[in-house]
Amino acid sequence: MKVRQTLLAYALLLPGLGLILVFMAFVLGMAISQSLGFFNFSGESGFSLRFWETMLADHQLWRSFWYSLRVATLSAILSVLLAYPLALWLRKPFAWSGTISALLKAPLLVHGLVAAFLYINFISFQGFLNLALVSTGLIERPLRMQNDANGIGVIFLQVWKQMPFALLLLTGAVQAIGDDILDAARDLGANAWQRFRKVVVPLTLRAMQGAIILIFIGAAGDFSFQVVAGPTNVNSLSQFMYRIQETSVDGWNSAAVVAVLLMATALVGSVLLAGAVQLLSRLGRA
Amino acid sequence: MKGHWFNRVLIGLLLAVCFTWLVIPFALAMLWSLVDPNHPWSYPEILPPALSLGRWIEVWTTTSLPQTLVNSYALAPSVAICALLLATPTAYAFGRLDFPGKGPAQILTLVPLVMPGFVVAIFFSSLLFSLGFYSRFAGILIGHTVMFLPFAIRILTVSFALVRQDLIDAARDMGASPWAVFRAAYLPVLRPGILAALIVVFILSIEEFALAFIVGAPDFTTVPTILYSYLGYNFIRPNAAVVSLILVVPNVLLMLLLERLLKGANPASITGKG
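Residue numbers run consecutively from 1 along every chain, following the written order of its sequence. Following the order in which they are written, the chains are lettered starting with A and the ligands numbered starting with 1. Predicted model: local features are reported for residues with pLDDT of at least 70 only, side-chain atom pairs are reported and counted for 80 or more only, and whole-chain, interface and lining totals are derived from all residues.

*Asks:* So, the overall build of chain B: which residues are in play, and what are the values?
*Replies:* To qualify as a helix, a DSSP run of H or I must reach at least 4 residues; to qualify as a strand, a run of E must reach at least 2; elements of each kind are numbered from the N terminus. A tally of regular secondary structure across chain B gives 13 helices and 0 strands. Over its C-alpha atoms chain B spans a radius of gyration of 24 Å, topping by over 25% the 19 Å that the globule rule assigns to 274 residues. Summarising its shape, the C-alpha atoms of chain B cover approximately 75 × 70 × 30 Å along the three principal directions. Counting the 274 residues in chain B, one finds 38% classified as buried. The globule rule is 2.2 Å times the number of residues to the power 0.38, and the radius of gyration it is compared with is taken over C-alpha atoms. Comment: burial labels come from other C-beta atoms within 10 Å of the residue's own C-beta, placed from the backbone, where a count of 20 or more is buried, 12 or fewer is exposed, and between is partly exposed.

*Asks:* An account of the overall build of chain A is requested, with residue identities and associated values reported.
*Replies:* Across its full length, chain A holds 12 helices and 0 strands. Start at the N end of chain A and walk to the C end: the helices and strands fall as α-α-α-α-α-α-α-α-α-α-α-α. Projected onto its principal axes, the C-alpha coordinates of chain A cover approximately 80 × 75 × 35 Å. Put simply, chain A has 286 residues, and 41% of those count as buried. We call two residues in contact if the C-beta atoms placed from their backbones are at most 7 Å apart. Within chain A, contacts between residues separated by at least 24 positions form 74% of all contacts whose residues are at least 6 apart in sequence.

*Asks:* So what's going on with unusual backbone geometry? Which residues, and what values?
*Replies:* In this chain, B:Ala217 is followed by B:Pro218 through a cis amide linkage whose omega measures 0°. Its place among the elements puts B:Pro218 in the loop between α10 (210-216) and α11 (223-230).

*Asks:* Can you explain helix α6 (residues 117-131) of chain B? Please cite residues and give values.
*Replies:* Here the expected length of a helix is defined as 1.5 Å per residue gap, with one fewer gap than residues. Look at α6(B): 21 Å from first C-alpha to last across 15 residues, which is about the 21 Å you get at 1.5 Å a residue. Within the span of α6(B), buried status applies to B:Gly117, B:Phe118, B:Val119, B:Val120, B:Ala121, B:Ile122, B:Phe123, B:Phe124, B:Ser125, B:Ser126, B:Leu127 and B:Leu128. Tucked into the core, α6(B) has its buried residues touching α1 (2-35), α11 (237-247) and α12 (251-285) of chain A together with α7 (136-162) and α10 of chain B.

*Asks:* Could you give me a rundown of the interface of chain A and chain B, with the residues and numbers involved?
*Replies:* As a measure of interface size, the accessible area lost when the parts come together is often cited. With 58 residues of chain A at the contact, the number on the chain B side is 63 residues. The set of elements that each furnish at least two residues to the side of chain A that touches chain B consists of α1, α4 (97-105), α5 (112-123), α6 (128-135), α9 (192-220), α10 (224-229), α11 and α12 of chain A. Top element by residues in the side of chain A that touches chain B is α1(A). It accounts for 18 residues. Residue classes follow a fixed rule: Ala, Val, Leu, Ile, Met, Phe, Trp, Tyr, Cys and Pro count as nonpolar, while Asp, Glu, Lys and Arg count as charged, and any other residue, Gly among them, counts as polar. Tallied by class, the residues present in the side of chain A that touches chain B amount to 46 nonpolar, 12 polar and no charged.

*Asks:* Go over α1(A) with me, naming the residues and quoting the values.
*Replies:* Here the bend at a residue is taken as the angle between two axes, fitted respectively to the seven residues that end there and the seven that start there. At A:Leu14, α1(A) shows its largest bend, some 60°, and a proline, A:Pro15, comes one to four positions later. Positive backbone phi, approximately 95°, marks A:Gly37, located one or two places after α1(A).

*Asks:* Could you give an account of the confidence of the model for chain A, naming the residues involved and the relevant values?
*Replies:* Each residue carries a pLDDT value, the predictor's own confidence for that position, ranging from 0 to 100. With 99% of its residues at a pLDDT of 70 or more, chain A shows a mean pLDDT of 86. For chain A, the element scoring lowest by mean pLDDT is α6(A), at 78; helix α3 (residues 59-89) of chain A scores highest, at 91.

*Asks:* Describe the environment of A:Phe223, with residues and values.
*Replies:* By the secondary structure assignment, A:Phe223 is in the loop between α9 and α10. Under the C-beta neighbour-count criterion, A:Phe223 is labelled buried, with 26 such atoms within 10 Å. For the pair A:Phe223 and A:Ser238, spaced 15 residues apart in sequence, the C-alpha separation works out to 5.6 Å. Those residues within four positions of A:Phe223 in sequence are excluded, and the remaining contacts are A:Ser236, A:Ser238, A:Gln239, A:Tyr242, B:Phe118 and B:Ala210.

*Asks:* Tell me what's going on with the nonpolar core, and back it up with residues and numbers.
*Replies:* Nonpolar cores are built from buried Ala, Val, Leu, Ile, Met, Phe, Trp, Tyr and Cys residues. These are joined into a set through C-beta atoms within 7 Å. If you look at the biggest cluster of nonpolar residues, it comprises 144 residues, and the most contacted ones within it are A:Ala116, A:Ile212, A:Met241, A:Val258, A:Ala259, B:Ala152 and B:Val201. No other element matches α12(A), which puts 13 residues into this core. If we ignore the near neighbours within four places in the chain, the residues touching B:Ala152 are B:Ala83, B:Leu84, B:Ala87, B:Ala197 and B:Val201.

*Asks:* Outline the packing of α7(B) against helix α9 (residues 178-207) of chain B, listing residues and values.
*Replies:* Residues and elements named next belong to chain B. Axes here refer to lines fitted to C-alpha atoms; in helices the fit is confined to the stretch in contact. Angles between the N-to-C directions go from 0 to 180 degrees. The interhelical angle for the contact between α7 and α9, taken along N-to-C directions, is 160°, at an axis separation of 9 Å. It follows from the interaxial angle that α7 and α9 lie roughly antiparallel. Considering the relative orientation of α7 and α9, their crossing is right-handed. Mapping the contact onto sequence places His144, Phe148, Phe151, Ala152, Ile155, Leu156, Val158, Ser159 and Leu162 in α7 and Val189, Leu190, Gly193, Ala196, Ala197, Val200, Val201, Leu204 and Ser205 in α9. Oblique is the label for every angle not falling under 35 degrees (roughly parallel), over 145 degrees (roughly antiparallel), or within 65 to 115 degrees (roughly perpendicular). Left-handed is the label given to a crossing in which the near helix is rotated counterclockwise from the far helix by less than a right angle, and right-handed is the label when the rotation is clockwise.

*Asks:* Would you mind going over the environment of A:Ile181 in detail, with residue names and values included?
*Replies:* Residue and element names in this part refer to chain A. By secondary structure assignment, the location of Ile181 is in helix α8 (residues 179-187). For Ile181, a count of 13 C-beta atoms within 10 Å corresponds to the partly exposed category. Counting along the chain gives 69 residues from Ile181 to Gly112, while the straight-line C-alpha distance between them is 39 Å.

Here is the structure:
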């Protein structure tokens, strides 16, 4: 009976979980095998490390790699740093707190491309910001702020879009902390900073790590923010992968190398960052 | 009290920030979409010289926007229904059965959430290509369904877990057929979850860009891909404003509806007891 029920459960998993796993395995398998020279659409197929060798020697790939890594790390850290104080502030309901949390979470409803459009519309040569600065006499001529070379626009957009997500996760975690434990810490003479370090952070660590991992992965694989608002002299990894697939002779194979590298970056980077946060929290508790 | 005063300043500050980063950008988008095509809005005019619906009409009649809307709004409900049907058995297993490996299995359903969208898009299209599968609609339908299954599974799992065993047993004891048991014990609790799953997947599918862009290229357009074509290298500001509003407004309304639905999903209010 027990065995039958277990078998039934596994059978029920097939159309949902089974489909997900098969699909992802095929997509992943396709990327890995194309990076190694299999499944070519033209010419010979066969095992070869040629694509890895040429791509890894490509200066542009490494520029993209470091750029994406920097944007992803900064976006994840900034989002969480901004979300923490807000989550703590909104822990207890007060007048207007509902409105404020709804307003803060509104960017979750705005499509990434729309956000990017609103942003460049705001900062462009003939945008609101420039007009406001010129008409108040702060500057004489409009500034050129679009597609800034340091990727500040992209990081701003990432934080705009992802901070509410971190806030959502952290609010839940922070609200789950009982008053009694915070009161106890207060009675023992802990000030606000100590309470944050020794009570709040350890108890909300899992939620924070979840937020960091998901934001990091999203930002590392970003395409649309980068194309619309990012620097024109460097590509993000996704943009580079797309471009090289379209333009180079061994497009699919080279793009596959970038894809494998991008997945590794997203996975390893996010796990390392989450680990670093855990270490920091342990140091903060001491 | 000092804390009270401090809180008020914070509230005011935050409302001001939200105003600059939500209200002004959307107001500007609205203005740009209403700029009269015959009277361009150029520097250094603070406000557009003339407003009209001309741009909306022009975008509607000269671009592929109508076909795009048909594509998007045919695709999204199909994705939602497919995802619902495929997610239900798995959600039932997660919500109502105990079996070895349940925890890891639940974590594994989240795999699509941690895969970079463009990697999935490009190599799914390469997979379709090597299989000789050329229907763009069906390709995007399959891709979206799988990518958004985790959301449907998660929502329905919670709904299934809320169904009360005593109600099921009571219905069975009174000799109800399986269908009657489902109608009496399951359906009332599942209904908000089913609707929520449909709406969430619908919105996600309307908004998905990477897969629709890569698999649909060059001729199958959805709302995000047509918006993308007005951004990037050839930035056509008024058109982008029009399409942005078309993309955002319906989804925000749907999300508000969803929020209401999920609030009503309290099991006590459905079963009539605590």
